[in-house]
Amino acid sequence: MTTSGRPVSPHVFRHTTAVHLLEAGVEVNVIRGWLGHVSLDTTNRYAEINMRTKVLALAACEAPVSATAGFPRKPVWRDDPTLLAWLESL
């Protein structure tokens, strides 16, 4: 089966399911058991954090509007292309 010209294999379904379970808050050890892995190291290959999770984590680190004392401004880290490139590479 293919989608957008890319093959969809059982591995893709396993990986996608593991990522969705992780995003839903299921503990990685439960995912390990569901996938039938003996080692968490193997499960961690499936349970990689995707870009949506990274964006949500960064948003959680931003100061609330009330903490900026009425001076909402773009966080300094968003102007650092080196840091942004590094974050994209994770």
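Look a little higher up for the structure.
Bear in mind the structure is a predicted one, so any value in this text is a computation, not a measurement.

1. Considerations on the overall build of the chain
Reasoning step 1: From N to C terminus, the chain includes five helices and two strands.
Reasoning step 2: Each helix and strand of the chain, ordered N terminal to C terminal, gives the series β-β-α-α-α-α-α.
Reasoning step 3: Here the chain holds 90 residues, and 12% of them are scored as buried.
Reasoning step 4: Within the chain, residue pairs in contact and separated by at least 24 positions form 39% of the contacts whose partners lie at least 6 positions apart.
Reasoning step 5: For the chain, the computed accessible surface area is about 7000 Å², with 62% contributed by carbon and sulfur atoms.

2. A look at the packing of helix H1 (residues 10–23) against helix H2 (residues 28–35)
Reasoning step 1: Where H1 contacts H2, the two axes come as close as 10 Å, and the packing angle between them is 155°. By the angle class used here, H1 and H2 are roughly antiparallel. As H1 runs across H2, the sense of the crossing is right-handed. Every residue of H2 that contacts H1 at Arg-14, Thr-17, Ala-18, Leu-21 and Leu-22 is listed here: Ile-31, Trp-34 and Leu-35.
Reasoning step 2: Looking at the contact of H1 with H2, its residues break down into six nonpolar, one polar and one charged.

3. Describing the layout of surface pockets
Here the idea is plain: a probe the size of a water molecule rolls over the atoms and shows the empty space left.
Reasoning step 1: Each pocket or cavity is described by its volume, and for the second largest pocket that value is around 210 Å³.
Reasoning step 2: If you trace the second largest pocket, you find it lined by Met-51, Lys-54, Val-55, Ala-57, Leu-58, Ala-59, Trp-77, Arg-78, Leu-84, Leu-87, Glu-88 and Leu-90.
Reasoning step 3: Taken together, the elements giving at least two residues each to the lining of the second largest pocket come down to helix H4 (51–61) and helix H5 (81–89).
Reasoning step 4: Considering every element that reaches the lining of the second largest pocket, the biggest residue donor is H4, with six residues.
Reasoning step 5: Per-class residue counts for the lining of the second largest pocket are nine nonpolar, no polar and three charged.

4. Section: the side chain of Thr-43
Reasoning step 1: Looking at where Thr-43 falls in the secondary structure, it is placed in helix H3 (residues 40–46).
Reasoning step 2: A polar contact of 2.9 Å, which involves the side chain of Thr-43, links it to the side chain of His-37.

5. Structural notes on the side chain of His-37
Reasoning step 1: Inspection of the secondary structure puts His-37 in the loop between H2 and H3.
Reasoning step 2: Judged by its relative accessible area of 11%, His-37 falls in the buried class.
Reasoning step 3: Side chain to side chain, His-37 and Arg-14 meet in a polar contact 3.2 Å long.

6. What about the packing of H4 against H5?
Reasoning step 1: For the pair H4 and H5, the least separation of the axes is 10 Å and the interaxial angle reads 135°. As summarised for this structure, H4 and H5 are arranged oblique, according to the angle between their axes. Contact residues: H4 offers Met-51, Lys-54 and Leu-58, while H5 offers Leu-87, Glu-88 and Ser-89.
Reasoning step 2: A breakdown of the residues in the contact of H4 with H5 according to their chemical character gives three nonpolar, one polar and two charged.

Rules and cut-offs
Residues numbered from 1 in each chain as written. Predicted model: local features only at pLDDT ≥ 70, side-chain atom pairs only at ≥ 80, totals over all residues. Heavy atoms only, no water. Helix = DSSP H or I, 4+ residues; strand = E, 2+ residues; numbered from the N terminus. Buried < 20%, exposed > 50% of the residue type's maximum accessible area, 1.4 Å probe, protein only. Contact = heavy atoms within 4.5 Å. Areas by Shrake-Rupley, 256 points an atom, 1.4 Å probe, with all protein chains shown as cover. Axes fitted to C-alpha atoms, helices over the stretch in contact; angles between N-to-C directions. Parallel < 35°, antiparallel > 145°, perpendicular 65-115°, else oblique. Left-handed = near helix turned anticlockwise from the far one by under 90°. Nonpolar A, V, L, I, M, F, W, Y, C, P; charged D, E, K, R; others polar. 1 Å grid on protein atoms, 1.4 Å probe; cavity = no way out; pocket = protein on both sides within 12 Å on 5 of 7 lines; lining within 4 Å. Points joined across faces, edges and corners; volume = space filled by probe spheres on them. Polar contact = N/O pair within 3.5 Å; in protein donor to acceptor, adjacent residues only side chain to side chain.

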